[in-house]
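The lines below spell out each chain.
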Amino acid sequence: AQSVAQPEDQVNVAEGNPLTVKCTYSVSGNPYLFWYVQYPNRGLQFLLKYITGDNLVKGSYGFEAEFNKSQTSFHLKKPSALVSDSALYFCAVRERGGNKLTFGTGTQLKVEL
Amino acid sequence: EAGVAQSPRYKIIEKRQSVAFWCNPISGHATLYWYQQILGQGPKLLIQFQNNGVVDDSQLPKDRFSAERLKGVDSTLKIQPAKLEDSAVYLCASSLGPSGGGTYEQYFGPGTRLTVT
């Protein structure tokens, strides 16, 4: 069965500093990997995805993520955090050829002045 | 482009009552999903439709939950009778493209927050 682990319930970072939100996955075949963001009382918004090719994926709002097959990780990164980046971030995995998208439990990002 | 629409946004019911949620996906999106998001957890897929056919309902509690997508567009999710543990946000999502093996990202609606008392 496929699964996603987000080991940190919350990440705190100062505005202007780089941020990393961690994600590891488990899937029997090759994965499709996704990051979504959720603001309060809003649905999930797509940030970026890894399908194939370059391990470094660039997405919306300056976010990027690096696929590492040997470590089965897909960490979300941003070089300079903004207060407006404060939200709940979800990593998700889907096995190639499969139907189901499995989400992690989410990481609350708090960016402070 | 209009996003995924859901209604109502909030609903409070007593246990053993019934409730229905409505979803209108993005125009042209063939695949529609219903997720349950319990507080502190990630969304869990309840059911997935491809046009008006069910692709995956393995995690749908079929003794109390039902869903339909009769004309391949709008969808309704019903709970009857509701239990306390059904309190959650119910998210609808849609995607363009085939369900199996597709790489298309899913677009989510704002969700319906259900409280069962």
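Residues numbered from 1 in each chain as written. Chains lettered and ligands numbered in written order. Predicted model: local features only at pLDDT ≥ 70, side-chain atom pairs only at ≥ 80, totals over all residues. Heavy atoms only, no water.

Asker: Help me understand the state of the cysteines, please; the structure alone is not making it clear to me.
Answerer: The bond known as a disulfide is covalent and runs between the sulfur atoms of two cysteines. Applying the stated criterion across every chain, the model contains two disulfides over all chains. Between the sulfur atoms of A:Cys23 and its disulfide partner A:Cys91 the distance amounts to 2.0 Å. Its S-S torsion of approximately -60 degrees makes the covalent link between A:Cys23 and A:Cys91 left-handed. Remark: A:Cys91 occurs in strand β10 (residues 87-95) and A:Cys23 occurs in the loop between β3 (19-21) and β4 (24-26); sequence separation between them is 68 residues. The buried category is assigned to A:Cys23, whose relative accessible area is 0%. Overall, the relative accessible area of 0% leaves A:Cys91 in the buried class. At a sulfur-sulfur separation of 1.9 Å, the disulfide partner of B:Cys23 is B:Cys92. Judged by the sign of its S-S torsion, about -70 degrees, the cystine formed by B:Cys23 and B:Cys92 is left-handed. Of the two residues, B:Cys23 sits in strand β3 (residues 19-24) while B:Cys92 sits in strand β9 (residues 88-95), which places them 69 residues apart along the sequence. We note that B:Cys23, like B:Cys92, is buried. (Disulfide = S-S within 2.5 Å. Helix = DSSP H or I, 4+ residues; strand = E, 2+ residues; numbered from the N terminus. Buried < 20%, exposed > 50% of the residue type's maximum accessible area, 1.4 Å probe, protein only.)

Asker: Which parts of the structure should I look at to understand the environment of B:Gln48?
Answerer: Inspection of the secondary structure puts B:Gln48 in strand β5 (residues 44-50). As for B:Gln48 and B:Glu14, which are separated by 34 residues in sequence, their C-alpha atoms are 27 Å apart.

Asker: Would you take a moment to explain the sheet that holds strand β7 (residues 65-68) of chain B for this structure?
Answerer: The pairing of strands in a sheet happens through backbone hydrogen bonds and is either parallel or antiparallel. All names here are of chain B. Reading across from one edge, β1-β3-β8-β7 is the order of the four strands in this open sheet, with antiparallel pairing throughout. Strands at the two margins of the open sheet, each flanked by one partner only, are β1 (5-7) and β7. Averaged over all pairs of adjacent strands, the angle between strand axes in this sheet comes to 15 degrees, irrespective of strand direction. One ladder, built from five bridges, connects β3 with strand β8 (residues 75-79); its direction is antiparallel. Considered in β8, the bridge of Val 19 is made with Ile 79. (Pairing = 2+ DSSP bridges. Axes fitted to C-alpha atoms, helices over the stretch in contact; angles between N-to-C directions.)

Asker: Explain the pattern of salt bridges to me, please; I cannot follow it from the model alone.
Answerer: Side-chain pairs of opposite charge can arise whenever the charged atoms involved come near each other. Residues and elements named next belong to chain A. Under the criterion given, the structure shown has seven salt bridges over all chains. Close ionic contact of Lys 78 with Asp 85 constitutes a salt bridge, the shortest N to O distance being 2.8 Å. By the burial criterion, Lys 78 is buried, and Asp 85 matches it. (Salt bridge = Lys/Arg side-chain N within 4 Å of Asp/Glu carboxyl O.)

Asker: Quick question: what am I supposed to make of the pairing of β5(B) here?
Answerer: Consecutive side chains along a regular strand alternate between the two faces of the sheet. Residues and elements named next belong to chain B. Buried residues dominate β5, accounting for five of its seven residues. Pairing geometry for strand β4 (residues 31-37) and β5, over six bridges, is antiparallel. Of the residues in β5, the one forming a bridge with Tyr 35 is Leu 45. Between the antiparallel neighbours β4 and β5 lie six residues, among them Gly 40 with a positive phi of about 85 degrees. With three bridges joining them, β5 and strand β6 (residues 53-56) adopt antiparallel strand pairing.

Asker: Sorry, what's going on with the interface of chain A and chain B here?
Answerer: Each partner contributes to the interface: chain A provides 21 residues, whereas chain B provides 28 residues. Joining chain A to chain B, the criterion identifies one salt bridge. A salt bridge links B:Glu105 to A:Lys49, with the shortest nitrogen-to-oxygen separation between them at 2.8 Å. When contributions to the side of chain A that touches chain B are tallied by element, the ones reaching two or more residues are β5 (31-38), β6 (44-50) and β10 of chain A. With four residues, β5(A) is the single largest residue contributor to the side of chain A that touches chain B. Partitioning the side of chain A that touches chain B into residue classes produces nine nonpolar, eight polar and four charged. (Contact = heavy atoms within 4.5 Å. Nonpolar A, V, L, I, M, F, W, Y, C, P; charged D, E, K, R; others polar.)

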